[in-house]
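Summary of structural features
So you can see what is in the structure, the chains are spelled out below.
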Amino acid sequence: MKTQRKSLSGSIKPFLSLTILSFIGVFCFFALSGAASGMPKRLSNVPPGDCQACHGGEKVLPGTHMDTRSMTLKGCMPCHARDKVSIKSKMPTSHVHMLSGISCEQCHGPKTPYGKIGQEVCIKCHSREGLAKAPARGPSLPNPHNSHLGTDVDCLLCHFQHKKSEFMCSNCHQFGNVTPSPLLPLSFAPKPDAGKAAENRGKTATEKAPAADGKSPKTAARPPSSSEKAATAKEAAGPSCITCHSKPEYRQYFSQTKHGKLSCAACHKGVTDIAKHMKRTEPVKTASCASCHGDISKTGFHATVKKFSCVQCHSGIHPKEAPGKMIVKAKVEAPPPLSLAACTSCHSDSKFKEHFASTSHGVLGCAACHQGIQDLNRHMSGKEPPKSISCAVCHRDTDGLYSKSAHAVKAKLTCLDCHTDIHPSESASAGKDEAAAMQTCTKCHDQSTYLTKGHGARLLAGSKEAASCGDCHGVHDVPVFPATAEGLADKREHYTNLCVSCHREGGIAGKYGAFPHAVSGYGETYHGKARQLGNYEKVAGCQDCHTGHNILPADHPDSALHPRVLVGTCGKCHSDFHPRFVSYVPHPDPGNPEKFLSLYLTEKFMIGLLVSVFAFFWVHSLLWCRKVYVEQSCRIKEGLNVETAVPGDLGRQYVRRFSPRDRLMHIVLILSFFGVVISGFPLKYPDAAWARTLVGLLGGVENAGTVHRVSAVVMWLLFLYTCWLSLKFLFPGFRFEGWLGRLFGPDSLFPRLKDVQDIGGMFKWFFNRGEKPQFDRWTYWEKFDFMAVFWGMFLIGLSGIIMWIPELSSYVMPGWMINIVSLAHSEEAFLASVFIFTIHFFNNHLIPDKFPLEKNIFTGSYTLEALRRERPQEYERILRENRLEEVACKGPGTGIQLFAGIFGIASVLLGLLLTVLIFWAVFTL
């Protein structure tokens, strides 16, 4: 269930889209211009074959089966073309439709929740005429769409929508044996010739045809012929129904009843294998009495009672004693049921006469519910009290729901505890509104708590769409939640979903402008995000703060959000905090400066930072890529090698670039950075399709939080160690002399004037207006990476610590600052991650002359020729200072090269994959 969150990074989608399209256009333009100058986008729209979309983790295919996502029915046929049973017959109709590219909406329509569909939907695509012309599937398997029933066969008899379909004809026919009638014992004709088969079919059709008066044919009640008796004797050789059901009520007494000439299978169907039935794996299905007695509902008492159970009156289908004895015993026929007039002669109050007639039960007679009165005199003298039947006799579906509800399970209430107006004291013709229903609830539930606050008060004030008790709790299906951690989590999720359904944008509350940002604002907080990922036990739902029934504005003195009691409300989950902690805004709206100006300004600042950084460096990377690619293409075209100015064999001599300490720090940094990204971004984009998968791989939201914090602590330790190394570089041996020269020297990572000049020189080189700048030990983009760590670690690190310990942080800052640091933390994380995975990876690994990987950060060394080509000023300085022997080293060993290749490529690929997932979330949510 989505909470319609709004991510800040998602608000720059237009910028991202425009930037990507611009990159493509600029790249194509410069590539063509260089060559010309002699230089070279839930469950109803799921894609076919995605089993997990509906089945989740349930294993529905063999373990060795190939992945079926995006696979169509046509793609299944190469493997399943020779199956004895068609693959279409193995699956529910809905699966066949999905594999054929037909979505749920095409049959059910866009309206939700979906309901059952009739065959009128089926014949829109499957015409009766086309199906009737289909060829038979064999001599014993005729076309079922053009059978003795004609072509007007209900599709739903065989084709079930969401369960496996069945060949309905096999309920009566065992091919090639044909059963003359479902009301007669089975008759087997092993191999009838064509003439006799035709005769039998005609005879069968005649026997099955109903009589002209609409009643069942008389042949159905005729005694079995000698051939049928022989067949029955033949059947008796094996186990049959009476093998187990051998009591007189099934054999001796049943044969004396009106149904005694019928076989067991005439009413009890569904048993195809007696062995399975005896093991209770194939239960019997009893046919409806209306199958034969269809007209009985049109006459007499039955015409007014649609849901009356036949067995309520006709309980002797399998009699406990011989029907003959029963007739002798009951010499005098029982008197007819008392009429309404007979009852109301005594029960003459208006609630039994005029008012009862206006209720939904008014069409029934008194005897429909009050039975057992045979002698009116005995009843009037109190010796023959009436017996009320169970409400479940007519209201079976409702009783099935109610039997599992809280009222039945916990309170042990009966129907009449709530429905006290069967015989109302006033006319019920106007109907019963929801306000009156709430009054019924408050007979047990405290009225001051449930009826005079929030939703109840609005309903009593005349609001027709305000939520009533039944809207949130149900009427007959009030859910029961066990008093366990899982039960409380289910309860929180259940009621939060109900709140969101009305208060989301576009819901009932949203339609009237009530709390327009309640759901989206909640989705931007940790409460809403963690809940989206399934952590229902630990985070607050709507009713945790609003206390379920006390839905009142914060300025109302009785509200659970009133400043006077808000400390206690927050204290249910949080502890040891300063009172200023409660100024935290649980439904923030960054786009509204009137309500939260600081958050609004923070959002605008972060948008500006994201746009400026990405605009500059993405354009920089694109122009750089185009320039290098075109130059390399020209060299290849002209057959030129890379020029070298290093004499003799010195070009292949290796020089040290990074120390073992630097390489180890970088590896640890990579691992910790991936840790915070993989564990943090599912919380940033909890609605994304991949978010729950990543959290599941980490073992849940709490484990993901542990991974996130441990990785963040490792990064903080690396950052602090880097600060210590920087101080040692500036003040070696605690000497302050010359620190300014070292700060702006060639070996320093601090920016200087030459870096600004190099930026201008690079852009001139991009557009063929000058030579490529001569770099020293560090380039300007490497210095930007390094200096960004200080900004990023302070912003991300400090904000992360505040959110880690918000209660203690409240002793230093007000609670509303948590809203600000949360937004800043989230968007700075987006900036850092996308910058590393796109710009940093490109500058150091994906640039065409280094693709696919620059290994020196892992090996620690590169060739002297590579040093001269990439950093000519450092090369000349080393020669000028006669330090070549000092920086010279052996080339990397086989193991180091193997590790560098595997770890480096894996890191780049993982980073690019995470980039795809991040942009997937940005553009789809």
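What you are looking at is a predicted structure, and each value in this text was computed from that prediction instead of being measured. (Residues numbered from 1 in each chain as written. Predicted model: local features only at pLDDT ≥ 70, side-chain atom pairs only at ≥ 80, totals over all residues. Heavy atoms only, no water.)

1. Here we look at the overall build of the protein chain
A count of helical and extended segments in the protein chain gives 44 helices and seven strands. Sorting the 925 residues of the protein chain into buried and exposed places 33% on the buried side. Accessible area for the protein chain stands at about 56000 Å²; split by element, carbon and sulfur atoms hold 62% of it. (Helix = DSSP H or I, 4+ residues; strand = E, 2+ residues; numbered from the N terminus. Buried < 20%, exposed > 50% of the residue type's maximum accessible area, 1.4 Å probe, protein only. Areas by Shrake-Rupley, 256 points an atom, 1.4 Å probe, with all protein chains shown as cover.)

2. Digging into the nonpolar core
Residues Phe614, Tyr685, Trp690, Phe830 and Phe858 are the most contacted members of the largest nonpolar core, which totals 54 residues. Where this core is concerned, the elements lending two or more residues are helix 31 (597-638), helix 32 (660-684), helix 33 (691-697), helix 34 (701-730), helix 39 (816-846), helix 40 (856-859) and helix 44 (894-924). (Core = buried A, V, L, I, M, F, W, Y, C linked by side-chain atoms within 4.5 Å.)

3. Re the state of the cysteines
Applying the stated criterion across every chain, the model contains zero disulfides. Cys343 supplies the cysteine sulfur nearest to Cys366, a cysteine that is in no disulfide, at a spacing of 3.7 Å. Here Cys415 is not disulfide-linked; the sulfur of Cys391 is the nearest cysteine sulfur, at 3.9 Å. Residue Cys415 is classed as partly exposed on the basis of its relative accessible area, which comes to 30%. (Disulfide = S-S within 2.5 Å.)

4. A word on the packing of helix 32 against helix 34
The geometry of helix 32 relative to helix 34 is characterised by a closest axis approach of 8 Å and an angle of 150° between their N-to-C directions. The orientation of helix 32 with respect to helix 34, classified from their angle, is roughly antiparallel. In terms of crossing hand, the pair formed by helix 32 and helix 34 is left-handed. Residues Arg661, Met665, Val668, Leu669, Ser672, Phe673, Gly675, Val676, Ser679 and Gly680 of helix 32 form the contact with helix 34, whose participating residues are Ala704, Val707, His708, Ser711, Ala712, Val714, Met715, Leu718, Tyr721, Thr722 and Leu725. Considered class by class, the residues forming the contact of helix 32 with helix 34 number 13 nonpolar, seven polar and one charged. (Axes fitted to C-alpha atoms, helices over the stretch in contact; angles between N-to-C directions. Parallel < 35°, antiparallel > 145°, perpendicular 65-115°, else oblique. Left-handed = near helix turned anticlockwise from the far one by under 90°. Contact = heavy atoms within 4.5 Å. Nonpolar A, V, L, I, M, F, W, Y, C, P; charged D, E, K, R; others polar.)

5. A look at the pattern of salt bridges
Tallied over the entire structure, the rule returns 16 salt bridges. Salt-bridge contacts for Lys754 lead to Asp758; the nearest nitrogen and oxygen are separated by 2.8 Å. Of this pair, Lys754 and Asp758 both sit in helix 36 (residues 753-766), four residues apart, which is roughly one turn of that helix. A relative accessible area of 8% places Asp758 in the buried class. (Salt bridge = Lys/Arg side-chain N within 4 Å of Asp/Glu carboxyl O.)

6. Describing the sheet that holds strand 6 (residues 861-863)
Taken in spatial order, the three strands of this open sheet run 6-5-7, and their pairing is antiparallel. Two strands in the sheet have a free side with no partner beyond their single neighbour: strand 6 and strand 7 (888-889). When strand 5 (residues 654-656) meets strand 6, the two strands line up antiparallel, connected through three bridges. Bridging across to strand 6, Val655 finds its partner in Tyr862. (Pairing = 2+ DSSP bridges.)

7. Describing the environment of His108
Mapped onto the secondary structure, His108 falls in helix 6 (residues 104-108). Distance in space between the C-alpha atoms of His108 and Gly118 is 9.9 Å, their sequence separation being 10 residues.

8. Some points on the packing of aromatic side chains
One pass over the full model with this rule turns up 34 aromatic pairs. Taking 6.3 Å as the distance between ring centres and 25° as the angle between the ring planes, the aromatic pair formed by Phe919 and Phe923 counts as stacked. Of this pair, Phe919 and Phe923 are both found in helix 44, four residues apart, which corresponds to roughly one turn of the helix. A relative accessible area of 15% means that Phe919 is categorised as buried. Judged by its relative accessible area of 33%, Phe923 falls in the partly exposed class. An aromatic cluster is built from Phe616, Phe617, Phe763, Trp765, Phe766, Phe784 and Phe835, whose rings are joined through pairwise contacts. If you follow Arg657 out to its NZ or CZ, it ends over the ring of Trp778, 4.9 Å from the centre. (Phe/Tyr/Trp six-rings, centres within 6.5 Å; stacked < 30°, edge-to-face > 60°. Lys NZ or Arg CZ within 6 Å of the ring centre and 35° of its normal.)

9. Quick look at a nonpolar patch on the surface
Residues Val713, Leu717, Leu720, Phe794, Leu798, Ile801, Trp804, Ile805, Leu808, Tyr811 and Val812 make up a contiguous nonpolar surface patch of about 1100 Å² in total accessible area. Those elements that provide at least two residues to the nonpolar patch are helix 34 and helix 37 (780-804). Looking at the nonpolar patch element by element, the count peaks at four residues for helix 37. Within the element layout of this structure, Leu717 appears in helix 34. (Patch = residues over 30% accessible without salt bridge, like charges linked within 9 Å, V, L, I, M, F, W, Y side chains within 5 Å.)

10. Some details on the confidence of the model for the protein chain
Per-residue pLDDT for the protein chain has a mean of 79; in total, 76% of the residues score no lower than 70. Mean pLDDT values for the elements of the protein chain range from 40 in helix 10 (residues 226-235) up to 96 in helix 32. In the model, residues 177-237 has pLDDT below 50 throughout and makes 52 contacts with residues more than four positions away in sequence or in other chains. In the predicted structure, residues 326-332 sits below a pLDDT of 50 and forms two contacts with residues beyond four places in sequence or in another chain. (pLDDT = per-residue confidence, 0-100.)

11. As for the side chain of Ser826
Examined against the element boundaries, Ser826 turns out to sit in helix 39. Owing to a relative accessible area of 12%, Ser826 belongs among the buried residues under this scheme. Within the local environment of Ser826, its side chain forms a polar contact with the side chain of Lys684, the two groups lying 2.7 Å apart. Setting aside chain neighbours within four positions, we find Ser826 in contact with Lys529 and Lys684. (Polar contact = N/O pair within 3.5 Å; in protein donor to acceptor, adjacent residues only side chain to side chain.)

12. Considerations on unusual backbone geometry
If a residue is not glycine, its phi is most likely negative; likewise, a peptide bond is most likely trans. Between Phe851 and the following residue, Pro852, the backbone shows a cis peptide bond with an omega angle of 5°. Among the secondary structure elements, Pro852 is positioned in the loop between helix 39 and helix 40. With a phi angle near 60°, Lys412 is a residue other than glycine that sits in the positive phi range. Here Lys412 falls in the exposed class, since its relative accessible area comes to 61%. The phi dihedral of Asp576 is positive, around 55°, even though this residue is not glycine. Look at Asp576 and you get exposed, because its relative accessible area is 62%.

13. Points about helix 34
For helix 34, which comprises 30 residues, the first-to-last C-alpha distance of 43 Å matches the rise-based estimate of 44 Å (1.5 Å per residue) to within 8%. Where helix 34 is concerned, the buried positions are Val701, Ala704, Gly705, Ser711, Met715, Trp716, Leu718, Phe719, Leu725 and Leu730. Considering only its buried residues, helix 34 is in contact with helix 28 (526-532), helix 32, helix 33, helix 35 (739-743) and helix 37. (Expected span 1.5 Å × (residues − 1).)

14. Here's the deal with the packing of helix 32 against helix 39
When two helices pack together, their arrangement is given by the angle between their axes and by how far apart the axes lie. Packing of helix 32 against helix 39 leaves a shortest axis separation of 11 Å and a crossing angle of 130°. By the angle between their directions, the pair helix 32 and helix 39 is classed as oblique. For the crossing formed where helix 32 meets helix 39, the hand is left-handed. Each of Phe673, Phe674, Val677, Phe681 and Lys684 in helix 32 lies in contact with helix 39, whose residues at this interface are Ser826, Glu827, Ala829, Phe830, Ala832, Ser833, Ile836 and Phe837. Residues of the contact of helix 32 with helix 39, tallied by class, amount to nine nonpolar, two polar and two charged.

15. Quick word on a negative patch on the surface
A contiguous patch of negative charge on the surface is contributed by Glu486, Asp490, Glu537 and Glu702. Structurally, Glu702 can be placed in helix 34. Exposure remark for Glu702: the relative accessible area of 48% places this residue in the partly exposed category. (Lys, Arg positive; Asp, Glu negative; His and termini not counted. Charge placed at Lys NZ, Arg CZ, Asp CG, Glu CD.)

16. Side note on the side chain of Glu854
Note on placement: Glu854 falls in the loop between helix 39 and helix 40. For Glu854, the side chain forms a polar contact with the side chain of Asn856, separated by 3.2 Å. The contacts of Glu854, once residues within four sequence positions are left out, are Asn844, His845 and Glu870.

17. Topic: helix 31
In an α-helix, one turn spans 3.6 residues, which is why side chains three or four residues apart end up on the same side. The end-to-end C-alpha distance of helix 31, which contains 42 residues, comes to 62 Å, matching closely the 62 Å that a straight helix rising 1.5 Å per residue would cover. Phi for Gly639, located one or two positions after helix 31, is positive at around 70°.

18. As for the environment of Ala436
Within the secondary structure, Ala436 is located in helix 21 (residues 434-441). Judged by relative accessible area, which is 31%, Ala436 ranks as partly exposed. Separated by 24 residues in the primary sequence, Ala436 and Leu460 place their C-alpha atoms 9.1 Å from one another.

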